[in-house]
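Spelled out from the first residue to the last, the chains are:
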Amino acid sequence: MKKQVLDYSDPSWSERGLSCSISFTPFLHWLRKMVVDEPTVRRHFYRQVLDRFEAHPGLPDEIPVAAIQQYEELLEWMYACLTPGESGKAMMWSLWVPVQPVMFYGTNAFYDLIQLYKIDLAHRSPEDFRREQLQMVYTYVLRKLYHFQSRQNDYYHAYLNPATDLLQYYTISINADFIDVVPKGALPPLDLTRLHQWLQEGAGYDALESALPLDLFHFTGISIATITDVTGQHALNNLREVKLSRKRDEQEAGYRTIIRSLKTLVRNNHIQFDLFPLVQVNGKYVYGYEVGGTGILYSVWGDSNLTPEQFEQQAAGYAANPKSFFSRDVQAESTEGRGWLSHFVKAGVRSMATMPIFNGDKMVGTFCMYTMGDEQFDEQAMALLETALPAIGQILQVYIDEFALEIDDIIREKYTSIQPAVRWKFREAAWQHLYQKKKQLPAAQVGIQFNGLHPIYGAIDIRNSSVERNTAIRADLTTHLQLLQATLTQLQAVHSSSLMDQVFFTIRKWQQLLSGDILGAADEASINHYLAIEVEAWLDHLMVQHPDAAQTIRQYRAMIEGADSAVFTNRRALEQSMQMINNAISNYLDAENAQLQQLYPCYFEKFRTDGLEYDCYIGQSIAPDKPFDHFYLKGIRLWQLSSMAAIARITRELMPEMPVPLRTTQLIFVHDHTIDISFRTDERRFDVEGAYNIRYQMIKKRIDKVHVRSTGERLTQPDKLAIIYFNRNDLADYLPYLQYLQETGIFQEGLEELELEPLQGVSGLHAIRVGIT
């Protein structure tokens, strides 16, 4: 035990009139009561202690702090009465001045924690410290004088353990049973209903400073303080409160909290941890998140070492027969029959434990704790984690749920019309459908419609894609005929016939047709039918009649079969180039759409053609809770112009990498009137409503190949942006932004004003065209 005065009190409390003094009197009242009421033999011990106090000569009612050390023997008897007999080396217990953090007697463990490790008792913010002390004082006053019970919050204190370099957490409990509070005058009335409201609003103790000033009371007695190590519980609470997010920064912060909490639980900063959730798609195990800690498990069982098929097989086997593994020294373990262990040996792992983790009765993943270098741990460290395993199971289940939600979100956003901006409307419709079903009401179709939307349309087309495709087809069919011709030449030397002569004649006829500039669809179909049906049937006949021809025919078929064969070389190269363009555009628009949604929620849909088209609808009805004004529309139109220029540059930069160099054209159609769209349940997509709006859709489908009236040239040209409109007023938003983008170097100087040829059912179209830098 140690007798030493440590004063952490705030001097301003004395200035505000807080009056308190040390006294054994409340303790002696309690002791006399225990001598009468205690039913066990401990009553005799209390009698002995009381006799010692009463035998002490001249024990004053109030004792100054400076003089308390004269009563060390009585303090020891008090300690013996109030503690369960634990060793003073382990228990953190002390005596304080009433309602003030001034300690004068306690166990060595208490003083060591306060002095040597500098627990933050005196290092909390002044405001936090003031609020804690206010709560302590007024909680006692209200209970003693007003019989009002208020809940006292637990406050955590922390210190950095120099041995582990980890924070440890403690609570300091104050026992006020041996304190008396005496009003210095008449006790002020207090509206307890109003007080309860203050406390609910979080301002109660501050309000009490005005209603019940501290200088109205005098406190006597002794406070008993007990420090409890709650490091394990605090770490567990942190684990349970981890909120995972799909946002990368927030997700990484969640991982850091998990790992820090686990290290705190085992009280060893050298032990590393990793989590490996087992996620499934359609009942089969697949790769999930790469990092749930250090990432060592993914480095062993991830895509760098295993194919998806191998991973699914191993994960399914592990799930069917989950086992734990522990080794104090992995380097000394034999890897025979345990090839997976060799990866950890090569990584320099020393001690390691892996175990399956369950959430309820469902296995949700694997957990790994390990050390590197010379650091080791034993089974006792593993035992410290027993209480954390349910929380780890819940965390892994959250990983799995997040993975499933992400898959569902991708399905909704990529493969359905239920985009985030309009999902609320579908939820409302679904609720109404459910309500009708639960109430057994007649099923009624709930319409999903958005009115008064501003349409934004853009198209990026691959220049001369039809011509390029026709050229590729002619080249591949020519190659096919040449291979057939060479094969027949080999066969003719052995099996010449008039039928073979007729095949040679047909081949030459098709070759002459393919040497032209354009191959018609009917001719293409005829050639393919001839090669796939007639020629193949005749070759089968030859193999039966002349077995010695079989090897030559099999060699021919090996050269033409499969998507990677020589007879698809040009079409394959063209398709690769087109995919490079479309993937680049699609990825760009996906990223830009995410930014557009931040500007104002809108419905954005892409369509794959030879190139790519998009429809965007924006307006108040899509986001009823967010006021819409024209500046949002102006912002999206500015984006449309700058994004078209960006797409042209992206596709231009891809040309050196393309097997077949292709160029793109960029087109915008301006429709400066609002339209209505509704979801068609039969087709599972949105479409426009009303005859006038349907005309808008018709125009979009016909303008991609429109020509300039005066020259007859195609409106859309590479490295240029064409904007089609009906009335000059439709360009009111676009023209200032075009000028701005020209001055900033996005577009070239100059603007072509063009009148367009009439289309079927459409006339009066105009266009402007501008070069892209």
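A brief look at the structure comes next. (Residues numbered from 1 in each chain as written. Predicted model: local features only at pLDDT ≥ 70, side-chain atom pairs only at ≥ 80, totals over all residues. Heavy atoms only, no water.)

A few points about the overall build of the protein chain
Here is step 1 of the chain: When you go through the protein chain residue by residue, the secondary structure sums to 24 helices and 24 strands.
Here is step 2 of the chain: Taking 773 residues into account, the globule formula puts the C-alpha radius of gyration at 28 Å, and the protein chain, at 42 Å, lies well above it.
Here is step 3 of the chain: Overall size of the protein chain, expressed as C-alpha extent along the three principal axes, is 140 × 75 × 60 Å.
Here is step 4 of the chain: Across the 773 residues in the protein chain, those meeting the buried criterion constitute 45%.
Here is step 5 of the chain: By element, 51% of the accessible surface of the protein chain is carried by carbon and sulfur atoms, the whole surface being about 39000 Å².
Here is step 6 of the chain: Each charge sign in the protein chain was given a centre, from 73 positive and 94 negative side chains, and these centres are 2 Å apart. (Helix = DSSP H or I, 4+ residues; strand = E, 2+ residues; numbered from the N terminus. Rg over C-alpha atoms; globule rule 2.2 N^0.38 Å. Buried < 20%, exposed > 50% of the residue type's maximum accessible area, 1.4 Å probe, protein only. Areas by Shrake-Rupley, 256 points an atom, 1.4 Å probe, with all protein chains shown as cover. Lys, Arg positive; Asp, Glu negative; His and termini not counted. Charge placed at Lys NZ, Arg CZ, Asp CG, Glu CD.)

Some thoughts on the packing of aromatic side chains
The description of two aromatic rings rests on the distance between their centres and on the angle between their planes.
Here is step 1 of the chain: By the definition in use, this model includes 38 aromatic pairs.
Here is step 2 of the chain: Ring centres of Phe 27 and Phe 178 lie 5.6 Å apart, and the angle between their planes is 70°; this geometry places the pair in the edge-to-face category. Separated by 151 residues along the polypeptide, Phe 27 in helix α2 (residues 25-37) and Phe 178 in the loop between β6 (166-175) and β7 (179-183) bring together distant segments of the chain. Exposure class is identical for Phe 27 and Phe 178. Each is buried.
Here is step 3 of the chain: For the ring pair Phe 450 and Phe 686, a centre distance of 5.9 Å and an interplane angle of 50° mean the geometry is tilted. Taken together, the residues Phe 450 in strand β16 (residues 449-462) and Phe 686 in strand β21 (residues 685-689) connect sequence positions 236 residues apart. Comparing Phe 450 with Phe 686 shows no difference in burial state: the two are buried.
Here is step 4 of the chain: Ring pairs connect the aromatic residues Phe 24, Phe 27, Trp 30, Phe 45, Tyr 46, Phe 53, Tyr 71, Trp 77 and Phe 178, which therefore count as one cluster.
Here is step 5 of the chain: Sitting over the face of the ring of Trp 510, Lys 509 holds its NZ or CZ atom 5.0 Å from the ring centroid. (Phe/Tyr/Trp six-rings, centres within 6.5 Å; stacked < 30°, edge-to-face > 60°. Lys NZ or Arg CZ within 6 Å of the ring centre and 35° of its normal.)

Notes on unusual backbone geometry
Here is step 1 of the chain: One non-glycine residue, Val 99, adopts positive backbone phi at about 45°.
Here is step 2 of the chain: Relative to the helices and strands, Val 99 resides in the loop between β3 (93-96) and β4 (102-106).
Here is step 3 of the chain: Its relative accessible area of 3% is what places Val 99 among the buried residues.
Here is step 4 of the chain: Positive phi is not limited to glycine here, since Asn 464 has a value of about 55°.
Here is step 5 of the chain: Here Asn 464 is to be found in the loop between β16 and α17 (465-492).

Digging into the sheet that holds strand β15 (residues 362-372)
Here is step 1 of the chain: Here four strands make up an open sheet; going across it, the order is β10-β15-β14-β13 and the pairing antiparallel. The sheet terminates laterally at β10 (272-277) and β13 (325-327), the two strands that pair on one side only. The mean angle between the axes of side-by-side strands here comes to 20°, regardless of whether they run parallel or antiparallel.
Here is step 2 of the chain: Where helix α13 (residues 339-346) meets the sheet, its contacts fall on β13 and β14 (349-359), and the angle it forms with β14 comes to roughly 130°. (Pairing = 2+ DSSP bridges. Axes fitted to C-alpha atoms, helices over the stretch in contact; angles between N-to-C directions. Contact = heavy atoms within 4.5 Å.)

What to know about the sheet that holds β4
Here is step 1 of the chain: With antiparallel pairing, the six strands of this open sheet are ordered in space as β1-β4-β3-β9-β6-β5. In the strand order of this sheet, the two ends are held by β1 (6-7) and β5 (156-161), each with one partner.
Here is step 2 of the chain: Across six bridges, the pairing between β5 and β6 is antiparallel. Along β6, the bridge assignment pairs Tyr 156 with Thr 171.
Here is step 3 of the chain: Contacting β3, β4 and β9 (223-229), helix α4 (residues 72-82) crosses the sheet at an angle of about 80° to β4.
Here is step 4 of the chain: Sitting on the sheet, helix α5 (residues 108-115) is in contact with β1, β3, β4, β5, β6 and β9, with an inclination near 140° to β4.

Examining the pattern of salt bridges
Here is step 1 of the chain: Under the defined criterion, the tally for this structure stands at 31 salt bridges.
Here is step 2 of the chain: As a salt-bridge pair, Arg 47 and Asp 51 come within 2.9 Å of each other at their nearest N and O atoms. Remark: Asp 51 and Arg 47 occur in helix α3 (residues 42-55); sequence separation between them is four residues, near one turn of the helix.
Here is step 3 of the chain: Its relative accessible area of 36% is what places Asp 51 among the partly exposed residues.
Here is step 4 of the chain: Between Glu 755 and Arg 709 there is a salt bridge, and its shortest N-O distance comes to 3.0 Å. Residue Glu 755 is located in strand β23 (residues 752-755), and its partner Arg 709 is located in the loop between α23 (691-702) and β22 (720-725); the two are separated by 46 residues in the primary sequence.
Here is step 5 of the chain: Owing to a relative accessible area of 40%, Glu 755 belongs among the partly exposed residues under this scheme. (Salt bridge = Lys/Arg side-chain N within 4 Å of Asp/Glu carboxyl O.)

Focus: the pairing of strand β24 (residues 766-771)
Here is step 1 of the chain: Counting buried positions along β24 gives five out of six residues, so the element sits mostly inside the fold.
Here is step 2 of the chain: The sheet contact formed by β22 and β24 spans six bridges and is antiparallel. The partner of Leu 721 across the bridge, within β24, is Val 770.

Regarding a nonpolar patch on the surface
Here is step 1 of the chain: Taken together, the side chains of Ile 407, Ile 410, Ile 411 and Tyr 415 present a nonpolar region at the surface, about 390 Å² in accessible area.
Here is step 2 of the chain: Take Tyr 415: it is sitting in helix α15 (residues 389-415).
Here is step 3 of the chain: Looking at Tyr 415, the relative accessible area reads 66%, which means it is exposed. (Patch = residues over 30% accessible without salt bridge, like charges linked within 9 Å, V, L, I, M, F, W, Y side chains within 5 Å.)

Focus on α5
Here is step 1 of the chain: Residues of α5 that are buried include every one of Ala 109, Phe 110, Tyr 111, Leu 113 and Ile 114, and no others.
Here is step 2 of the chain: Next to the buried residues of α5 lie β1, β3, β4, β5, β6 and β9.

Considerations on the side chain of Thr 264
Here is step 1 of the chain: Within the secondary structure, Thr 264 is located in helix α10 (residues 248-266).
Here is step 2 of the chain: Among all residues touching Thr 264, those that are not within four sequence positions of it are Leu 166, Leu 167, Thr 231 and Ala 235.

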